[in-house]
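Survey of secondary and tertiary structure
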Amino acid sequence: MKSVNILGLRVYPADIAGGITLDSNRGVEMSCVSEVKGGGLMQSAMVSVHRHNLHFTASHQHIYIYIYIDLNFLAASFYQKTEGRQSRSPSAIVIGGGFAGIAAAHALKNAAFQCVKWLGKFVSHGSLFFIPQVVLLESRDRIGGRVHTDYSFGFPVDMGAAWLHGVCNENPLASWIGRLGLPIYRTSGDNSVLYDHDLESYALFDGDGHQVPQDLVEKVGKANKLRYETNEDMSIAQAIKLVMERHSYLRQEGLANNVLQWYLCRMEGWFATDADNISLKNWDQEVLLPGGHGLMVRGYRPIINTLAKGLDIRLRHRVTKIVWGTKGVKVTAKIINFEPRLPDWKEEAIDGIGVRTENKIVLHFDKVFWPNVEFLGVVSSSAYGCSYFLNLHKATGNPVLVYMPAGRLAYDIEKMSDKDAAKFAFSQLKRILSDATEPIQYLVSHWGVDENSLGSYSYDAVGKPREYFERLRIPVDNLFFAGEATCNKYTGTVHGAFSTGLTAAEECRIRVLEKYGDPDSLEMFHPAMGEVAASISVPLLISRM
Ligand SMILES: Cc1cc2nc3c(=O)[nH]c(=O)nc-3n(C[C@H](O)[C@H](O)[C@H](O)COP(=O)(O)OP(=O)(O)OC[C@H]3O[C@@H](n4cnc5c(N)ncnc54)[C@H](O)[C@@H]3O)c2cc1C
Ligand SMILES: NCCCNCCCNCCCN
């Protein structure tokens, strides 16, 4: 029996048909079909690789295809070319230049470097010949994926990921952040009621612009410590309703209820979906690293740029079709339609993982007219009606507020033009600060409708086992998968995506050696993944300690 604490809101309990044709003259050619299936957003890819036109592998005996796709599906294949030569060199194609794809390509490229060093020492003894070439194919005209730092205001603003969840040395990204000297503004410590914020520096208002007394906010946050015992999974929304029905003294009314709805709205932001979709059983099973949550003051871009340095990246290369192996394997739409088909357990995981939307509407003002707090909120009688504004001025010194709708609200706002979306965000601000001046610039993200992401990040859907995330990661024969939705521990995060990219690259490397290399040499190739950065410990630069 699973026990769940219920406390305020901390309730404890496209198909893309994708393809590449590697052309001997041009490199890569692609076409794509993209569609959204009702009920859930699914993606997959189909890549065709034709033996005769893999130009950059022409002199190699083994071609290693490493396919990395949108909703973080990664497929890899060995392609054997036996044209006389006995030399054996794999090549790698990474599909998708998000954090996981870039991490994988970076690690594979390092593996190549290690091999060259190793070769220098052993080739004269007739040992394994192994110089992988790595090419990364990215459908957008930029790298980063759901990490996208915009500079159009003249300073960095993250339109996707902005926080480092877990400001500590165990964070897989810590060594990179430390080494690059990137400052972090910590918005919460451990076990914060609001995930990435403490109730330390904020202002909550009711719809008429009156500030909600802080003791009420804290009281509601601490209110419902009841343990709820159930074997059955249900949604967070349903669980709260049941608890309230059974324990009338817990029922929040009037303003207290609106504050409770606001907590719920923040939880919906964390999972990018409505509370009706979030699994009571599994929502708290991800690992939250210690050290609280910190904003990347200069944005995430410097890390992705550093990891991408020296990689062969082909932008605007959308993968639409994959045929792999000596006889060819097809991966087609409906989630993933592999030939041969993926095993049922894998397809079930792809189907069962939820992905919905959180967006950002960034308002740039000529001056600051709001209170000097980390965030502003508007409470309402439903989570849908609540608002959350992150005050970037506190962390960065720039006069910027970021309005972040999630779930159904984000979905509805995505139907508006950018201008109307910005107007809507501003109208929410006007409700609480009547003397607010119009923004001078705005930016609007569209993660839900963007065919390259079709959602913001994955969540635990009601009735689906948590191990789906791990199932999604597990390789099938020589097909490999990576990305945030394959990360059981750190689902939905940048560091989670990053770590699965490294893992997938390492598994690919080992597979190449097992299949085509000298197994005894595995140790000699060791390395590469995480390499230098991981071994250097540089203290993180954290403000608001
Ligand atoms: C609004 C928002 C806020 C977030 N906030 C945070 C946060 O504060 N902290 C945090 O840790 N995480 C946050 N996240 C989550 C984080 O951004 C993601 O978990 C992470 O960036 C995912 O990386 P990925 O490599 O798995 O996938 P992606 O970044 O989506 O990478 C996939 C790549 O594949 C490309 N691609 C797709 N289809 C094809 C194709 N057919 N052919 C070729 N290329 C293709 C895409 O363009 C993309 O570049 C946030 C996300 C969003 C949207
Ligand atoms: N406070 C604003 C919310 C910002 N959303 C970031 C959520 C990132 N991923 C959460 C992972 C949940 N599994």
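Cut-offs and rules
Residues numbered from 1 in each chain as written. Chains lettered and ligands numbered in written order. Predicted model: local features only at pLDDT ≥ 70, side-chain atom pairs only at ≥ 80, totals over all residues. Heavy atoms only, no water. Core = buried A, V, L, I, M, F, W, Y, C linked by side-chain atoms within 4.5 Å. Buried < 20%, exposed > 50% of the residue type's maximum accessible area, 1.4 Å probe, protein only. Helix = DSSP H or I, 4+ residues; strand = E, 2+ residues; numbered from the N terminus. Contact = heavy atoms within 4.5 Å. 1 Å grid on protein atoms, 1.4 Å probe; cavity = no way out; pocket = protein on both sides within 12 Å on 5 of 7 lines; lining within 4 Å. Points joined across faces, edges and corners; volume = space filled by probe spheres on them. Nonpolar A, V, L, I, M, F, W, Y, C, P; charged D, E, K, R; others polar. Pairing = 2+ DSSP bridges. UniProt positions renumbered as here; feature names shortened; annotations may be inferred. Near = heavy atom within 4 Å. Polar contact = N/O pair within 3.5 Å; in protein donor to acceptor, adjacent residues only side chain to side chain. Areas by Shrake-Rupley, 256 points an atom, 1.4 Å probe, with all protein chains shown as cover.

Moving on, we get to the nonpolar core. Formed by 53 residues in total, the largest nonpolar core has its most connected members in I236, V259, W262, F271, L295, V362 and L390. Residue assignment for this core shows that the elements contributing at least two residues are β15 (202–205), α3 (214–223), α4 (236–246), α5 (254–271), β25 (387–391), α8 (392–396) and β26 (400–403). The element contributing the most residues to this core is α5, with 10 residues. Not counting residues within four places of it along the chain, the set of residues in contact with F271 comprises Y195, I278, W283, E286, Y457, Y459 and D460.

Volume-wise, the second largest cavity comes out at about 120 Å³. Along the walls of the second largest cavity sit 15 residues, with V157, D158, A162, M296 and L392 positioned nearest its centre. Only β12 (157–158), β17 (293–296) and α8 provide two or more residues apiece to the lining of the second largest cavity. Grouping the constituent residues of the lining of the second largest cavity by class yields 10 nonpolar, two polar and three charged.

Next up on the list: the pairing of strand β14 (residues 183–188). Across the six residues of β14, six count as buried, placing the element largely inside the fold. In this sheet, strand β29 (residues 541–543) lies alongside β14 in parallel orientation, the contact comprising three bridges. Note on β29: the bridge partner recorded for I184 is I542. Bridge count for β14 against β17 is four bridges, and the pairing is antiparallel.

UniProt's entry tags V319 with the feature "binding site: FAD" (unreviewed entry), counted in the numbering of this structure. Within the element layout of this structure, V319 appears in the loop between β18 (312–314) and β19 (322–323). Residue class for V319 comes out buried when judged on its relative accessible area of 7%.

Now for the site of ligand 2. In the region of ligand 2, 13 residues are neighbours, and D196, W270, E286, E358 and G492 sit closest. Within the side chain of D196, a nitrogen or oxygen atom sits 2.9 Å from a nitrogen atom of ligand 2. Between Y388 and ligand 2, the recorded distance is 3.2 Å, taken from a side-chain N or O atom to a nitrogen atom. Protein coverage of the free-state accessible area of ligand 2, which is 410 Å², stands at 94%. When residues in the shell around ligand 2 are grouped by element, the largest group, three residues, is from α5. Residues that form the shell around ligand 2 fall into these classes: five nonpolar, four polar and four charged.

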